[in-house]
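Overview (structure and organization)
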Amino acid sequence: MDTAATRFDQNLALGLATVAFTLCFAVWTLFSIIGIRIQQEFGLSETQLGLLMATPILTGAISRLFLGIWADRVGGRRVFGVLMLATSACVYLLTLADSYPMLLAGALGVGLAGGSFIVGVIYTAPWFEPERQRTALGIFGTGNAGAAVTHFCAPFLLVAFGWETAAQVYAAVLAMTGVVFLVLAREDPLAGSRHRRKPPSFARQLVPLADPRVWRFSLYYFFVFGAFVALALWLPHYLMEVYGLSLAGAGIAAALYTLPASVFRVLGGWLSDRYGARLVMYWSLGASLVGAFVLSYPPTEYVIQGVEGDVSFRLEMGLAGFVVLTFALGFFMSLGQAAVFRHIPAYYPGGVGSVGGVVTMIGGLGGFFLPLGFGLLNDVTGIWQSAFMLLFVIVAVALLSMHFSVRAAEKKEWQADQEKTDLPGLSR
């Protein structure tokens, strides 16, 4: 670091960045609530609703790569503040839409909020010593709880004032936060050297992306983060249709998934440091495979030919069991999110912006394609649980890919008579 940061400076930077990211994430998932009312008002199909929910995620995913590189060049403070102000304007303009194409256009602008994660990482990390960076970034990552904020607050705003006013309230809060951030946040300790040095070329920053390991990490993040975002968007609608909950009740039940899934990301970082990121990824993907399989089982009637006649019974997931299983699924997803990002600074210390940008971009694309897939599967199959069937297939592919990659790496180590870990910083 160019200058020694005081503990107050560190706490101020971390606090402002975490609050800003939380509100950005709340805006990013706003369609999980207002999309339900928009579907009713505009007469949208399940596929159209899925596309509307997913469109902000697309913008957020793609923008992360470029915002990460931009923040690497000019610093996270200015990029973060400008990003919040631009997004708030897009949220307000959304309320003027009077057709489905205009809603999609507005949703593209709202999605800029999703690029805030990589900007916040680049702003926050330089404030802390290397041994404290992981803890600080773990705390910053709890801003995923913004999805729970939306699930708790947006239903009541929507019921009381309508979806347009709810969106305008979100726009005003985000704009005020952007102004406060620009006023109170200070330039990070690397600002001086960043201004003095010649920034690397765009092509040079993309060099690490030729490493296949980057794309392997991206596949994991496609599930642990992309599916987390997708379910955060889809669960309120799912709970209302499958279990007959009100909008407010569905929001609260969905928050029981999104809030713990966000908070436990800190635990995932600690476990990755303590036991190794590779092992934590095995826990995350393995448990998610089991959870997705159970959740994918639709209500089924069985008739068995018994000794004294037919015996019939029914298998069906009750609301309490569903909430418990989604809580567990979110918990293990949060561990996986932390484990993926534990690898990146260790393998690519000079390319956190570009590598982290592409990994989060692919993860965000999961949040785009999956809600669209959920709606399409509903229209095609007519089975609500088909969403979890899709998740089961994806996590199975990710787990098998990781396992065979690990086995191949271990085989090379045995042949070379070397013993390494999947994380250079944890080699003993």
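Since the model is a prediction, treat every value here as computed from it, not as a measurement.

1. Points about the overall build of the chain
Along the chain, the regular secondary structure elements total 18 helices and two strands. Carbon and sulfur atoms provide 67% of the accessible area of the chain, an area that totals close to 17,600 Å².

2. Looking at helix α2 (residues 31-42)
Its 12 residues give α2 an end-to-end C-alpha distance of only 14 Å, which falls more than 12% under 16 Å, the value for a rise of 1.5 Å per residue. Of the positions making up α2, those classed as buried are Phe 31, Ser 32, Ile 33, Ile 34, Gly 35, Ile 36, Ile 38 and Gln 39. At the exit of α2 stands Gly 43, carrying a positive phi of roughly 65°.

3. Here's the deal with the packing of aromatic side chains
Within this structure, the stated rule accounts for 27 aromatic pairs. Taken together, a centroid distance of 4.9 Å and an interplanar angle of 25° make the contact between Phe 21 and Phe 140 stacked. A residue pair is termed long-range when its members are at least 10 positions apart, and Phe 21 in helix α1 (residues 7-28) and Phe 140 in helix α7 (residues 130-141) qualify at 119 residues. With respect to class, Phe 21 is no different from Phe 140; both count as buried. Centre to centre, the rings of Tyr 238 and Trp 384 are 6.1 Å apart; their planes meet at 90°, and the pair counts as edge-to-face. Taken together, the residues Tyr 238 in helix α12 (residues 212-243) and Trp 384 in the loop between α17 (352-381) and α18 (386-415) connect sequence positions 146 residues apart. With a relative accessible area of 21%, Trp 384 lands in the partly exposed category.

4. Structural notes on the side chain of Ser 32
As for its placement among the helices and strands, Ser 32 is situated in helix α2. A polar atom in the side chain of Ser 32 sits 2.7 Å from the backbone oxygen of Thr 29. A distance of 3.4 Å separates the side chain of Ser 32 from the side chain of His 151, its partner in a polar contact. Aside from chain neighbours lying at most four places away, what touches Ser 32 is Met 53, Thr 150, His 151, Ala 232, Leu 233 and Pro 236.

5. Focus on the nonpolar core
Ranked by size, the top nonpolar core spans 122 residues in total, and within it Leu 285 and Val 359 carry the most contacts. When residues of this core are assigned to their parent elements, the largest contribution, 20 residues, is made by α12.

6. Quick word on the pairing of strand β1 (residues 300-306)
Put simply, side chains in a regular strand alternate between the two faces of the sheet. Alignment of β1 against strand β2 (residues 309-315), held across seven bridges, turns out to be antiparallel. Its bridge partner being in β2, Glu 301 is matched across the sheet by Arg 314. Taking the residues between adjacent antiparallel strands as the criterion, β1 and β2 are bridged by two residues.

7. Details of the side chain of Gln 39
With respect to the helices, strands and loops of the structure, Gln 39 is situated in helix α2. Ignoring any residue separated from it by four or fewer positions in sequence, one finds Gln 39 in contact with Leu 44, Ser 45, Glu 46, Leu 49 and His 237.

8. Focus: the pattern of salt bridges
Under the criterion given, the structure shown has four salt bridges. In this structure, the salt-bridge partner of Asp 9 is Arg 186, at a minimum N-O distance of 2.3 Å. Of this pair, Asp 9 sits in helix α1 while Arg 186 sits in the loop between α9 (163-184) and α10 (191-196), and the two are 177 residues apart along the sequence. On the basis of relative accessibility, which here comes to 14%, the residue Asp 9 falls in the buried class. For Arg 314, the salt bridge identified is with Glu 301, shortest N-O distance 2.9 Å. Here the residue Arg 314 occupies a position in strand β2, and Glu 301 occupies one in strand β1, the gap between them amounting to 13 residues. In this structure Glu 301 comes out as exposed when scored by relative accessible area, which is 54%. Among the ionic contacts, a cluster of salt bridges with common partners joins Glu 301, Arg 314 and Glu 316.

9. As for the environment of Gly 120
Residue placement: Gly 120 occurs in helix α6 (residues 116-124). When its relative accessible area of 0% is taken as the criterion, Gly 120 is described as buried. Spatially, the C-alpha atom of Gly 120 lies 7.8 Å from that of Phe 140, the residues being 20 residues apart in sequence. Those residues in contact with Gly 120 that lie beyond four places of it in its chain are Phe 80 and Phe 140.

10. A few points about the confidence of the model for the chain
On average, residues of the chain score 84 in pLDDT, and 87% of them are at 70 or above. Mean pLDDT values over the elements of the chain span from 57, in helix α11 (residues 202-205), up to 94, in α9.

11. So, the environment of Leu 285
The topology assignment puts Leu 285 in helix α15 (residues 277-295). The exposure class of Leu 285 is buried, given its relative accessible area of 0%. When neighbours within four sequence positions are excluded, Leu 285 is seen to be in contact with Tyr 220, Phe 223, Val 224, Val 395, Ala 398, Leu 399 and Met 402.

12. Describing a nonpolar patch on the surface
Residues Val 290, Phe 293, Val 294, Tyr 297, Ile 304, Val 311, Phe 313 and Leu 315 make up a contiguous nonpolar surface patch of about 700 Å² in total accessible area. Those elements giving two or more residues to the nonpolar patch turn out to be α15 and β2. Along the polypeptide, Val 311 turns up in strand β2. Owing to a relative accessible area of 46%, Val 311 belongs among the partly exposed residues under this scheme.

13. Focus on the packing of α2 against helix α3 (residues 46-74)
At a closest axis distance of 10 Å, the pairing of α2 and α3 adopts a crossing angle of 145°. The hand of the α2/α3 crossing is right-handed. Where α2 abuts α3, its residues Phe 31, Ser 32, Gly 35, Ile 38 and Gln 39 lie against Glu 46, Leu 49, Leu 52, Met 53 and Pro 56. Classifying every residue of the contact of α2 with α3 gives six nonpolar, three polar and one charged.

About the cut-offs
- Residues numbered from 1 in each chain as written.
- Predicted model: local features only at pLDDT ≥ 70, side-chain atom pairs only at ≥ 80, totals over all residues.
- Heavy atoms only, no water.
- Helix = DSSP H or I, 4+ residues; strand = E, 2+ residues; numbered from the N terminus.
- Areas by Shrake-Rupley, 256 points an atom, 1.4 Å probe, with all protein chains shown as cover.
- Expected span 1.5 Å × (residues − 1).
- Buried < 20%, exposed > 50% of the residue type's maximum accessible area, 1.4 Å probe, protein only.
- Phe/Tyr/Trp six-rings, centres within 6.5 Å; stacked < 30°, edge-to-face > 60°.
- Polar contact = N/O pair within 3.5 Å; in protein donor to acceptor, adjacent residues only side chain to side chain.
- Contact = heavy atoms within 4.5 Å.
- Core = buried A, V, L, I, M, F, W, Y, C linked by side-chain atoms within 4.5 Å.
- Pairing = 2+ DSSP bridges.
- Salt bridge = Lys/Arg side-chain N within 4 Å of Asp/Glu carboxyl O.
- pLDDT = per-residue confidence, 0-100.
- Patch = residues over 30% accessible without salt bridge, like charges linked within 9 Å, V, L, I, M, F, W, Y side chains within 5 Å.
- Axes fitted to C-alpha atoms, helices over the stretch in contact; angles between N-to-C directions.
- Left-handed = near helix turned anticlockwise from the far one by under 90°.
- Nonpolar A, V, L, I, M, F, W, Y, C, P; charged D, E, K, R; others polar.

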